[in-house]
Amino acid sequence: MPWRSTAEHYGNVAMFFHWLIAALIVVNICLGLYFADLPKSDPYLYYLAQIHKSIGLTVLVLSLLRVLWRLVNPVPPLPADMPSALKFLARVTQFLLYVLIVIIPLSGWLMVSASRHPVPTPYFFLFDWPNLPKVADHELLVDTHAFLAWSAIVLVPLHVAGALYHRYWRRDQVLAQMLPWG
Ligand code: HEM
């Protein structure tokens, strides 16, 4: 499979970004939902929060690179005979997911940076990730981060349902274009 995407198939780099970011987001949604409800006294809370933040910041970097890569590579088109309403839904979902993979981690980073008692973010316990300037109230950013994460919890299954619709209902090449063996 070539590194760059073509009009027929996504390339290795686009597939690497897609599947790695997808996996990290699923892991981080589960981690976020789990640790956000733990009591402050839980001995694992600190470690789970640091892993969640480190994974999220990795997603932010990967997502920015992914958007750049997307801008300089062709995108395989959807099948010409697909109903235009479904094409529109697919494109809107994909666009929103691109936005979410950047602004969910960004909102998390802004949130921890705005905390009244800022805890350093030791990136995978290797070095301290810097904080951003405070742009809004911490509580507002907590709500924003949760709202954006919940938007992904709704949109990701919709996106997966779309991929399965192509594979098993229409039996076209859309899912195969994003699979290394497709
Ligand atoms: C892939 C990116 C990310 C995803 C999918 C994600 C998802 C989530 C989810 C689902 C929650 C639970 C929300 C709720 O209470 O309903 C959460 C909470 C949290 N996230 Fe993230 N997050 C991401 C990135 C980040 C980043 C980059 C940071 C900070 C650098 C961060 C810091 C936090 C913190 C501190 C909480 C707990 C908030 C609280 O309830 O006090 N997250 N996240």
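Anyway, here's the lowdown on the structure attached to this text. As the structure is a prediction and not an experimental result, all values here were calculated from the model. Throughout, residues of each chain are indexed from 1 in the direction in which the sequence is written. Totals for whole chains, interfaces and linings use all residues, but because this is a predicted model, local features are given only for residues with pLDDT of at least 70 and pairs of side-chain atoms are given and counted only at 80 or more. To get the side-chain values, all heavy atoms of the structure are used, and hydrogens and water are removed first.

### Things to note about helix 3 (residues 84-113)
For an α-helix, 3.6 residues make a turn, and residues three or four places apart therefore share a direction.
Stage number 1. In this model, helix 3 (30 residues) spans 43 Å end to end at C-alpha, consistent with the 44 Å of a helix rising 1.5 Å per residue.
Stage number 2. What we call the bend at a residue is the angle made by axes fitted to the seven residues finishing there and the seven residues starting there. Strands are runs of DSSP state E lasting at least two residues, helices are runs of H or I lasting at least four, and both sets are numbered from the N terminus onward. Leu 100 marks the point of greatest bend in helix 3, at about 30°. For a helix, the expected span equals 1.5 Å multiplied by the residue count minus one.

### Things to note about the coordination of the iron atom of the ligand
Stage number 1. Surrounding the iron atom of the ligand are the protein donor atoms His 52 (NE2) and His 145 (NE2), at 2.0 Å.
Stage number 2. In this description, a donor is an N, O or S atom within 2.8 Å of the metal centre, a cutoff extended to 3.2 Å for sodium, potassium and calcium. Water is not part of the atom list, which can make sites seem incomplete. Only four donors with every angle between 85 and 135 degrees are called tetrahedral; only four or six donors with opposite donors over 155 degrees apart and all others between 65 and 115 are called square planar or octahedral, in that order; all others are irregular. Bound by six donor atoms, the iron atom of the ligand shows angles of 88 to 179° at the metal and therefore octahedral coordination geometry. Taken together, the positions of His 52 in helix 2 (residues 45-71) and His 145 in helix 4 (residues 138-170) put the pair 93 residues apart, joining distant regions of the chain.

### A short note on the packing of aromatic side chains
Stage number 1. Note on ring pairs: Phe, Tyr and Trp rings are taken, using the six-membered ring of Trp, and paired if centres are within 6.5 Å. Classes follow the plane angle, with under 30 degrees stacked, over 60 edge-to-face and the rest tilted. With the rule as written, the count across this model stands at eight aromatic pairs.
Stage number 2. Relative to Phe 125, the ring of Tyr 47 has its centre 6.0 Å away and its plane inclined at 45°; by these criteria the two rings are tilted. Residue Tyr 47 is found in helix 2, and its partner Phe 125 is found in the loop between strand 1 (121-123) and strand 2 (127-129); the two are separated by 78 residues along the sequence.
Stage number 3. Three or more aromatic residues joined by ring pairs make a cluster, and in this case those are Trp 109, Tyr 123, Phe 124, Phe 127 and Trp 129.
Stage number 4. Charge-over-ring contacts are defined here by two conditions on Lys NZ or Arg CZ: a distance within 6 Å of the ring centre and an angle within 35 degrees of the ring normal. The ring centre of Trp 69 lies 5.7 Å from the NZ or CZ of Arg 4, which sits over that ring.

### Considerations on the site of the ligand
Stage number 1. Whether a residue is near a molecule or strand depends on its heavy atoms: it is near if one of them lies within 4 Å of it. Neighbouring the ligand are 22 residues, the closest being His 52, Gly 108, Met 111, His 145 and Trp 150.
Stage number 2. Polar contact is the term for a pair of N or O atoms within 3.5 Å; when the atoms are in protein, one must be able to donate a hydrogen and the other to accept it, and sequence-neighboring residues count only if both atoms are side-chain atoms. One nitrogen or oxygen atom from the side chain of His 52 is found 2.8 Å from a nitrogen atom belonging to the ligand.
Stage number 3. Taken together, the elements giving at least two residues each to the shell around the ligand come down to helix 1 (12-35), helix 2, helix 3 and helix 4.
Stage number 4. Of the residues assigned to the shell around the ligand, the class counts are 15 nonpolar, six polar and one charged. Residues are grouped as follows: Ala, Val, Leu, Ile, Met, Phe, Trp, Tyr, Cys and Pro are nonpolar; Asp, Glu, Lys and Arg are charged; every other residue, Gly included, is polar.

### Observations concerning unusual backbone geometry
Stage number 1. Even without being a glycine, Phe 124 presents a positive backbone phi close to 45°.
Stage number 2. For Phe 124, the position within the fold is in the loop between strand 1 and strand 2.
Stage number 3. In this scheme, a residue with accessible area under 20% of its type's maximum is buried, one over 50% is exposed, and one in between is partly exposed, where area comes from a 1.4 Å probe on protein chains only. The class for Phe 124 is partly exposed, based on a relative accessible area of 34%.
Stage number 4. The backbone of Phe 125 shows a phi angle near 60°, a positive value even though the residue is not glycine.

### Section: the nonpolar core
Stage number 1. Among the buried residues, those of types Ala, Val, Leu, Ile, Met, Phe, Trp, Tyr and Cys that are joined through side-chain atoms within 4.5 Å form a nonpolar core. Of all hydrophobic cores here, the largest spans 18 residues; its most connected members are Ile 21, Ile 25, Val 59 and Leu 100.
Stage number 2. The set of elements that each furnish at least two residues to this core consists of helix 1, helix 2, helix 3 and helix 4.
Stage number 3. With seven residues, helix 1 is the single largest residue contributor to this core.
Stage number 4. We call two residues contacting when some pair of their heavy atoms lies within 4.5 Å. When neighbours within four sequence positions are excluded, Ile 25 is seen to be in contact with Val 59 and Ile 101.
Stage number 5. In this structure, Leu 60, Trp 109, Tyr 123 and Trp 129 belong to the second largest nonpolar core, which totals six residues.

### Description of the pattern of salt bridges
Stage number 1. Within this document, salt bridges are pairs made up of a side-chain nitrogen of Lys or Arg and a carboxyl oxygen of Asp or Glu, the two lying within 4 Å of each other. Tallying each qualifying case throughout the model produces three salt bridges.
Stage number 2. For Arg 170, the salt bridge identified is with Asp 81, shortest N-O distance 2.8 Å. Of this pair, Arg 170 sits in helix 4 while Asp 81 is found in the loop between helix 2 and helix 3, placing the two residues 89 residues apart along the sequence.
Stage number 3. Residue classification places Arg 170 among the partly exposed positions, given a relative accessible area of 23%.
Stage number 4. Taking relative accessible area as the criterion, Asp 81 reaches 61% and is therefore assigned exposed.
Stage number 5. Arg 170 is the salt-bridge partner of Asp 172, the closest N and O atoms lying 2.8 Å from each other.
Stage number 6. Among the charged side chains, a network of salt bridges with common partners joins Asp 81, Arg 170 and Asp 172.

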